[in-house]
Amino acid sequence: MFGCVCVSPIPIAVDILSDLIQNPKLGANEIERERSVILREMEEVDQQVEEVIFDYLHSIAYQGTPLGMTILGPTENIGRISRNDLSEYIRTHYYPSRIVLAGAGGEWVWLDTTSGVSRMGLEVGADWVCVWGGREE
C-alpha cells in the first residue's frame, strides 16, 4: 500500500492504513469489481507488444522463480480467487514485522512516536527498527 499526504493529515492517513490492514471488508461486490478491473488490465497488457515481450523475457530469464511470473498472474487464478484466499493472504503476510511505515519531510518524526506506531499495531522497539540519518538505532 502507498499513501502520499501533507503534514497535517498524517495521523488520519495512519489511521486509514491501519484500518485497511487490520479490518479489511473484502465485500463480494468489491472483489468482483476488482476482478473485472484486473481482467480488463490483463487484456490491455496483452495488446501491448512491449509488455508481452518483456513478460516472455522474464519468464525465460527467471525460469522457476517468482521473478519469471507476470505481475497480474494467470487469468485462471484471477477467476477463481475467493474471499477466503484474500483473507488468508492478508493474515499471513500483513503483520507488524513485515510492515514498513516510512515518512519523509517536515513532520515525519510523528511516525516515531508511540502513538503513531501503535496505530499500526506495532510495539515500539519490538517490531520495528528506527532509522536515523541512514543508520539503524
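Residues numbered from 1 in each chain as written. Predicted model: local features only at pLDDT ≥ 70, side-chain atom pairs only at ≥ 80, totals over all residues. Heavy atoms only, no water.

## With respect to the overall build of the chain
How we decide: To qualify as a helix, a DSSP run of H or I must reach at least 4 residues; to qualify as a strand, a run of E must reach at least 2; elements of each kind are numbered from the N terminus. Any residue under 20% of the maximum accessible area for its type is buried, any over 50% is exposed, and the rest in between are partly exposed; the area is computed with a 1.4 Å probe on protein chains only. Contact criterion: two residues are considered in contact whenever any of their non-hydrogen atoms come within 4.5 Å of each other. Here the open area of atoms and residues is found with the Shrake-Rupley method and a 1.4 Å probe, where only the protein chains shown may cover a residue.
In terms of helices and strands, the chain carries six helices and two strands. Listed by position from the N terminus, the elements making up the chain come as α-α-α-α-α-α-β-β. A buried classification covers 15% of the 137 residues belonging to the chain. Here the contacts in the chain between residues at least 6 apart in sequence split such that 60% fall between residues at least 24 apart. Carbon and sulfur atoms form 57% of the exposed surface of the chain, whose accessible area is close to 10,400 Å².

## Side note on unusual backbone geometry
Phi is positive for Leu-26, which is not a glycine, with a value near 50°. According to the relative accessible area criterion, Leu-26 is buried, its value standing at 18%.

## Let's talk about the environment of Val-52
By the element assignment, Val-52 lies in helix H3 (residues 49-61). Overall, the relative accessible area of 24% leaves Val-52 in the partly exposed class. As a C-alpha pair, Val-52 and Thr-70 span 18 residues in sequence and 9.6 Å in three-dimensional space. Sequence-distant contacts of Val-52, defined by excluding residues within four places in its chain, comprise Val-45 and Asp-46.

## A closer look at a negative patch on the surface
Quick reminder of the rule: Patch rule: a residue counts if its relative accessible area is over 30% and it has no salt bridge; like charges are joined within 9 Å, and nonpolar side chains (Val, Leu, Ile, Met, Phe, Trp, Tyr) within 5 Å. Salt bridges are identified by distance alone: a Lys or Arg side-chain nitrogen within 4 Å of an Asp or Glu carboxyl oxygen. Positive: Lys, Arg. Negative: Asp, Glu. His and the chain ends are not part of the count. The location of each charge is read from NZ of Lys, CZ of Arg, CG of Asp or CD of Glu.
Where like charges cluster on the molecular surface, the negative patch consists of Glu-30, Glu-34, Glu-41, Glu-43, Glu-44 and Asp-46. Relative to the helices and strands, Glu-43 is located in helix H2 (residues 28-46). When its relative accessible area of 52% is taken as the criterion, Glu-43 is described as exposed.

## Concerning the pattern of salt bridges
The tally for this structure, following the rule as stated, stands at two salt bridges. In this structure, Glu-32 engages Arg-35 in a salt bridge whose closest nitrogen and oxygen atoms are separated by 3.0 Å. Taken as a pair, Glu-32 and Arg-35 lie in helix H2 at a separation of three residues, close to a single helical turn. What makes Arg-35 buried here is its relative accessible area of 11%. The closest approach of N and O atoms between Arg-91 and Glu-88, which form a salt bridge, is 2.7 Å. Of the two residues, Arg-91 and Glu-88 both sit in helix H5 (residues 83-93), three residues apart, roughly one turn of that helix. Judged by its relative accessible area of 55%, Arg-91 is exposed.

## A word on the packing of aromatic side chains
Basically, it comes down to this: Aromatic pairing here means that ring centres of Phe, Tyr or Trp (its six-membered ring) are within 6.5 Å. Orientation follows from the plane angle: under 30 degrees is stacked, over 60 is edge-to-face, and everything else is tilted.
Applying the stated criterion across every chain yields a total of one aromatic pair. Ring centres of Tyr-89 and Tyr-94 lie 6.3 Å apart, and the angle between their planes is 65°; on these two criteria the pair is classed as edge-to-face. Judged by its relative accessible area of 46%, Tyr-89 is partly exposed.

## Section: the confidence of the model for the chain
Under the convention used in this document: For every residue, the predictor reports its confidence as pLDDT, a number between 0 and 100.
Mean pLDDT over the chain works out to 77, with 68% of the residues at or above the 70 mark. At the low end of the mean pLDDT range in the chain sits strand E2 (residues 135-136), at 38; at the high end sits H2, at 94. Low pLDDT, under 50, characterises residues 123-137; the stretch is placed with 20 contacts to residues that sit more than four places away or in other chains.

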